[in-house]
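# Architecture at a glance
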Amino acid sequence: MLLTLEDLRTKYEFSFPSSQEESYMALLGTAEEEVLALAEIEQGDIEEHFAGGDTGYVLTYTPVLEIKSVKVNGEEVQYRYEKRANYVALSSSSDSDVVISYSCGWAEGSVPETIKLAIAFTVQHLAKLQGGKLLGINSRNTEGGTETIEQLTPPLAVQKMLERFKRNKAL
């Protein structure tokens, strides 16, 4: 988990009794999953296979934490990794398949604050929907008129925050 219940309480000023911790843990797990999926962020080990014939390959998943190996015909080869473009450049091309093994995620303590805040906002939104029994209700009447209830998960504000993390924004 990128955030803990203690983070929600201390850093983001959530207030909930210990009797609701299990519920908030579930909301936290769902919020993290939704935020990472929306931002197209992977965590863990990846092994990508590319058809040969080129001298460079753009990795599919981000954020790249570490390139573990680059192999052609099962043999490790020299490479250069260009972080900004997520590009692995080989010294020469080969007609054989290229296998690139790498890990995704962030180093301990370096998760971007935007991601953490997006998760916290999503937990807050889910808790509001759950606590107010508002799931599936699009609007309700109030003393001042009609209130529209956002049902998007993550909420629209979080979606806007995460746009910069998406890899194929132009598509």
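Below, the structure is looked at part by part. These figures come from a predicted structure and were not determined experimentally.

Rules of the game
Every chain's residues receive numbers from 1 upward, in the order its sequence appears when written. In view of the model being predicted, local features appear only for residues whose pLDDT reaches at least 70, and side-chain atom pairs are presented and counted only at 80 or more, with totals across whole chains, interfaces and linings using the full set of residues. Excluding hydrogens and water, the side-chain figures rest on all heavy atoms present in the structure. Think of it this way: a Phe, Tyr or Trp ring, Trp meaning its six-membered ring, pairs with another when their centres are within 6.5 Å, and the plane angle makes it stacked under 30 degrees, edge-to-face over 60, tilted otherwise. Classification of residues uses two cut-offs on accessible area relative to the type maximum, computed with a 1.4 Å probe and protein chains only: under 20% is buried, over 50% is exposed, and between them is partly exposed. Strand pairing follows a simple DSSP-based rule, namely that at least 2 bridges must link the two strands. Per the convention used, a helix needs a DSSP run of H or I reaching at least four residues, while a strand needs a run of E reaching at least two, with both numbered from the N terminus. To get an axis, a line is fitted to the C-alpha atoms, and for a helix only the part in contact is used. The angle between two axes follows their N-to-C directions and goes from 0 to 180 degrees.

### Topic: the packing of aromatic side chains
One pass over the structure, following the stated rule, counts 3 aromatic pairs. Ring centres of Phe16 and Tyr24 lie 4.1 Å apart, and the angle between their planes is 5 degrees; on these two criteria the pair is classed as stacked. Under the relative-accessibility criterion, Tyr24 is labelled buried at 12%. Joined through ring pairs, the aromatic side chains of Phe14, Phe16 and Tyr24 make up one cluster.

### Description of the sheet that holds strand S5 (residues 79-82)
With respect to topology, 3 strands assemble into an open sheet ordered S2-S6-S5, the strand pairing being antiparallel. Lying at the two open borders of the sheet, with one neighbouring strand each, are strand S2 (56-58) and S5. Recorded for the sheet is a direction-independent mean angle of 15 degrees between the axes of neighbouring strands. Across 4 bridges, the pairing between S5 and strand S6 (residues 87-90) is antiparallel. When the sheet's bridge partners are listed, Tyr81 is paired in S6 with Val88.

Such coordinate-based values are descriptive only and should not be taken to indicate function.
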